[in-house]
Amino acid sequence: SYNAGSNDMWILNVGDLKPAEFSTNFFLDLAWDEDSITKDTLEDWMQKFFKETFALSDKDAESLSALHSSFLQTAYAYRAEFQGYNEGNEYAINAFGDEAQRVIDKMEKILADATAIYDSLDAAHKDAFFEIVLYRIRATLFTLEKNIYAQKNALAVAQGKFASVNGYAALAEEAYQNILKDL
């Protein structure tokens, strides 16, 4: 926007602020000084944000920044909320070594690491951490599981592998129930 000449006024519409605090701070820091964050300083910005927001040590802020980057790269390859709306599968479930299961496994690791950080926080920072970091990871993982296990269920039915059908249906339902628990 700035390079296109929109440099007099930037307007930001903020709804529920806490879950969008990370992105909102990023936007406002850029609006204040468009040269303050570059691709080379983005990790530093994230570490500073996490350190200040959750009273983390430098080491923990660095770990959370790396974890958050991994989450964003994984989550935004195919955004979970847009899955299941097309005829094909976003991730291969029967090719490339079950790509879909590898994505679920990676998200489970990201969630385990984020939960460990959450568990180490003092009570005053847990609610904010849940809303800014943990909820997004949980929602993404559970939505991926719901959609991918439903796709695996449909494939098992189509292939006549009826021994797997109920297992995949149960996994998809469990993921859906996990989504509802966090609402």
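Everything that follows concerns the structure shown earlier in this document.
A brief look at the structure comes next.

1. Some remarks on the pattern of salt bridges
(1) Moving on: Scanning all chains against the criterion turns up five salt bridges.
(2) Moving on: Put simply, Lys109 and Asp113 hold a salt bridge, and the shortest N to O gap is 2.8 Å. Of this pair, Lys109 and Asp113 both sit in helix H4 (residues 99-120), four residues apart, which is roughly one turn of that helix.
(3) Moving on: Among the ionic pairs, Arg138 bridges to Asp182, the shortest N-O distance being 2.6 Å.

2. What to know about helix H2 (residues 42-54)
(1) Moving on: With 13 residues, H2 extends 18 Å between its outermost C-alpha atoms, agreeing within 8% with the 18 Å of an ideal straight helix rising 1.5 Å per residue.
(2) Moving on: All of the buried residues along H2 are Trp45, Met46, Phe49, Phe50, Thr53 and Phe54. Each buried residue of H2 sits inside an arc of 125° when the element is viewed along its axis, so together they form one side.
(3) Moving on: Looking at the packing, one finds that the buried side of H2 touches helix H1 (21-32), helix H3 (58-75) and helix H5 (123-159).
(4) Moving on: Positive phi appears at Ala55, one or two residues downstream of H2, with a value of about 55°.

Reading the values: rules and limits
Residues numbered from 1 in each chain as written. Predicted model: local features only at pLDDT ≥ 70, side-chain atom pairs only at ≥ 80, totals over all residues. Heavy atoms only, no water. Salt bridge = Lys/Arg side-chain N within 4 Å of Asp/Glu carboxyl O. Helix = DSSP H or I, 4+ residues; strand = E, 2+ residues; numbered from the N terminus. Expected span 1.5 Å × (residues − 1). Buried < 20%, exposed > 50% of the residue type's maximum accessible area, 1.4 Å probe, protein only. Arc of directions from axis to C-beta. Contact = heavy atoms within 4.5 Å.

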